[in-house]
Structures are given as C-alpha cells and as structure tokens.
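# Summary of the model geometry
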Amino acid sequence: MWFGGDQLAPERRTHSTAACQIAHGVSAALITCHVLFHLTNICLGWLEIHAEIMKTGRAVYRAPLIEPVLVLLLLFQAASGVRLAWLWSSLRTDVYRIFQIGSGAYLAAFLLAHLNSGLIAARIVYKIESDWAWASGAPDGLIQGAWNIRLLPHYALGVFFILGHLASGLRGVMIAHSVKVSIANRAWSAGLTAAALISTAIICGLCGARI
C-alpha cells in the first residue's frame with residue numbers, strides 16, 4: 001500500500017531488526033544535539049555572529065574525548081541506516097516509510113561525503129579550517145564559482161533530508177506511544193514544511209544574504 005491512511009502497513013520484524021532500529025534511534029538522539037547546534041549556527045550566519053557561536057561549540061564537540069565518539073556515532077548511523085533501509089525496502093510500505101527510507105539513504109551518502117570533505121580532506125590533508133569561508137566557497141562564492149555551485153543542491157538536500165528524516169522518526173515514536181496516526185501525520189507534514197524553510201534560509205545565508 002503506497003499511501004498511508006490511518007493504518008500502518010504490516011511489518012514482520014525480527015529481533016535483530018528491532019535491536020538495530022533501537023540502536024539507530026538512540027544514536028540519532030545523541031547526534032541530533034550536534035546536528036541542531038550545527039544547523040542553528042549556520043542559520044545565525046544571517047546575523048554574522050556564527051563565528052563566535054561556532055568557536056564555543058567547537059570547544060565541546062572537538063574535544064579529544066568527544067570528537068572520536070561523535071565520528072563513530074555518525075559512521076554507525078550511516079551503516080545502521082543502510083541496513084534498516086535494505087530490510088524495510090522489501091516490506092509493504094506507505095508514502096511515509098518511503099520518504100524515511102529514501103531520505104535515510106541520501107543521508108548515509110551525505111554523512112560520508114561530509115566527513116570526507118570536512119574532516120579528512122580539509123583538516124587532515126590540506127590543513128584548511130572548515131569554517132564559514134570554506135563552506136560558502138569563498139572567495140568565489142557558491143553561485144559565482146563554477147565548481148562551487150555543485151554544493152547548492154548538496155547543502156539544500158542535506159539540510160532538508162536531515163530534518164525531514166528526524167520528522168519521520170518522530171512520527172514513528174508518536175505512533176508507538178499511542179498518538180493518533182492522523183496527528184502524527186500532521187506533525188510529519190509540519191516537520192517537512194519547517195525543513196524546507198530552514199534549508200532555504202541556510203542556502204540564502206551561504207549565498208551571502210545578511211540582516
């Protein structure tokens with residue numbers, strides 16, 4: 001069934017699948033703290049105070065005991081997400097689960113690409129600070145730079161799918177806690193709308209918009 005109404009598509013879950021889903025959710029909850037801080041900081045680029053906020057945040061998430069754990073959590077999130085997507089793709093599903101699977105698959109690739117460019121290439125190989133100038137493709141910018149413009153859909157879809165995937169996870173948690181499916185569906189729709197608006201705001205900021 002492709003379009004979900006008030007009933008969820010039936011699923012056969014093994015113990016291993018359930019355990020993977022729980023671990024994926026716990027990992028997501030821990031990572032969400034970093035993701036929301038990161039996205040909030042980028043949004044503050046409109047006000048040009050992101051540098052100070054980023055400096056404060058990096059004192060925490062780049063600490064020697066925290067950063068390796070964060071990287072491992074991100075890698076686990078990508079791996080467990082791919083496993084869940086593979087298992088769920090063979091089951092009867094609805095539009096909500098299709099979006100969750102598709103956004104999760106994109107995010108797995110996005111996380112690996114982001115870790116490669118921001119951590120390995122920029123910081124380790126080329127010794128470049130992965131700051132606002134790096135993210136916005138300075139000095140050419142994202143729009144004017146012939147090579148940098150590829151980052152526009154990369155960032156836009158990344159932000160949208162991160163927040164949209166979180167909305168999908170929240171919908172599942174709400175239903176699991178006996179919230180009406182119709183209410184959970186409306187919360188999911190509101191989450192996707194907010195994701196689109198935030199993604200647009202971040203892209204505008206990276207392209208030079210200021211208040």
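Here's a quick rundown of the structure. Because the structure is a prediction, the values reported are computed rather than measured. (Residues numbered from 1 in each chain as written. Predicted model: local features only at pLDDT ≥ 70, side-chain atom pairs only at ≥ 80, totals over all residues. Heavy atoms only, no water.)

Here the focus is the overall build of the chain. When you go through the chain residue by residue, the secondary structure sums to 7 helices and 0 strands. Put simply, the chain runs from its N terminus to its C terminus through helices and strands in the order α-α-α-α-α-α-α. At 18 Å, the chain has a C-alpha radius of gyration in line with the 17 Å of a compact globule built from 211 residues. A principal-axis box enclosing the C-alpha atoms of the chain has dimensions of 50 × 35 × 30 Å. (Helix = DSSP H or I, 4+ residues; strand = E, 2+ residues; numbered from the N terminus. Rg over C-alpha atoms; globule rule 2.2 N^0.38 Å.)

In this section: the packing of aromatic side chains. A full pass over the atoms with the stated rule returns 8 aromatic pairs. Pairing Tyr96 with Trp188 gives two aromatic rings, centres 4.8 Å apart and planes at 80°, and the pair type is edge-to-face. Pair noted here: Tyr96 is in helix 4 (residues 95–125) and Trp188 is in helix 7 (residues 181–206), with a separation of 92 residues, a long-range link. Comparing Tyr96 with Trp188, the two get one shared label, buried. When the ring of Phe99 is compared with that of Phe160, the centres are 6.2 Å apart and the planes differ by 80°; the resulting orientation is edge-to-face. Residue Phe99 is located in helix 4, and its partner Phe160 is located in helix 6 (residues 151–176); the two are separated by 61 residues in the primary sequence. Residues Phe99 and Phe160 agree in their burial class; the two are buried. Taken together, the ring pairs connect Tyr96, Phe99, Tyr106, Phe110, Phe160, Phe161 and Trp188 into an aromatic cluster. Directly above the aromatic system of Trp88 lies the positively charged group of Arg97, at a separation of 4.0 Å from the ring centroid. The residue whose ring lies beneath Arg171 is Tyr96, and the NZ or CZ to ring-centre distance is 4.0 Å. (Phe/Tyr/Trp six-rings, centres within 6.5 Å; stacked < 30°, edge-to-face > 60°. Buried < 20%, exposed > 50% of the residue type's maximum accessible area, 1.4 Å probe, protein only. Lys NZ or Arg CZ within 6 Å of the ring centre and 35° of its normal.)

Another aspect to go through is a nonpolar patch on the surface. A surface patch of nonpolar side chains, amounting to about 500 Å² of accessible area, comprises Ile120, Ile124, Val125, Tyr126 and Ile128. Considering the arrangement of structural elements, one finds Ile124 in helix 4. (Patch = residues over 30% accessible without salt bridge, like charges linked within 9 Å, V, L, I, M, F, W, Y side chains within 5 Å. Areas by Shrake-Rupley, 256 points an atom, 1.4 Å probe, with all protein chains shown as cover. Salt bridge = Lys/Arg side-chain N within 4 Å of Asp/Glu carboxyl O.)

Tallying each qualifying case throughout the model produces 3 salt bridges. Across the pair Glu129 and Arg62 runs a salt bridge, and its minimum N-O distance is 3.2 Å. Linking Glu129 in the loop between helix 4 and helix 5 (132–135) with Arg62 in the loop between helix 2 (50–61) and helix 3 (67–88), this pair joins segments that are 67 residues apart in sequence. What makes Glu129 partly exposed here is its relative accessible area of 39%. Across the pair Arg123 and Glu67 runs a salt bridge whose closest N-O atoms are separated by 2.6 Å. Of this pair, Arg123 sits in helix 4 while Glu67 sits in helix 3, and the two are 56 residues apart along the sequence. Classification of Arg123 by relative accessible area gives partly exposed; the value is 27%.

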